[in-house]
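# What the coordinates show
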Amino acid sequence: MEETQRQKKIGGILQQDLAEVLQKAATDGGLRGVIISVSKVSVTTDLSIAKAYLSIFPNKEAKALLEGIRSNTALIRHELAKRTKNQLRRMPNLEFFIDDSLEYIDKIEQSLKGEENPIKDEDLLDKRKKS
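Below is a summary of the structure that appears in this document. All values reported here derive from a predicted model rather than from experimental measurement. (Residues numbered from 1 in each chain as written. Predicted model: local features only at pLDDT ≥ 70, side-chain atom pairs only at ≥ 80, totals over all residues. Heavy atoms only, no water.)

## Notes on the pairing of strand β2 (residues 49–57)
Examined bridge by bridge, strand β1 (residues 35–43) and β2 share eight bridges and lie antiparallel to one another. Counterpart to Val43 in the pairing with β2 is Ala50. Between β1 and β2, which follow one another and run antiparallel, lie five residues, and Leu47 among them has a positive phi close to 60°. Where β2 and strand β3 (residues 93–98) come together, six bridges link them in parallel fashion. Paired with Ala50 across the strands is Leu94, a residue of β3. (Pairing = 2+ DSSP bridges. Helix = DSSP H or I, 4+ residues; strand = E, 2+ residues; numbered from the N terminus.)

## Topic: unusual backbone geometry
Residue Pro58 is reached from Phe57 by a cis peptide bond, and omega for that bond is 0°. Mapped onto the secondary structure, Pro58 falls in the loop between β2 and α2 (62–71).

Okay, structure coming up:
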C-alpha cells in the first residue's frame, strides 16, 4: 500500500532531524571519521511506528553502531520529540535497520566491471536479506 501524503511528510521531517541527532551524537561521542546517514524513514498508517533505515560508513562498524543506537532509542526519541514538538502531537516509536542498498549496488557494479564474476564463483550469489 502506498504511503499517504501525511506519512511522507512526517517521514521527511523525522529523516532530517534524525540525521542531525545521530551525526551530532557520533561526533560528540568521539567517533571521528564515521558517517551516519538516514536513507529513508517510513511511518505506519496509524503514525505509531517509524522505521528508519541507516547507512553507516565505514561498513565494518555498522553492526556495533546499530546496537548502540538501538540501546539508546529512548534518548533519541526524546531528542526528536523536543525538535518536532510544534509539528507532531505524538512521537512515533522508532525502529532502526541497516540500509545495505549501497553495498548491494557496489557488488553489482563490481560484477559488471568483471572484477567479480558470480557465474564462476557461486559464493558471490548470496541472497539479499530483507528487513
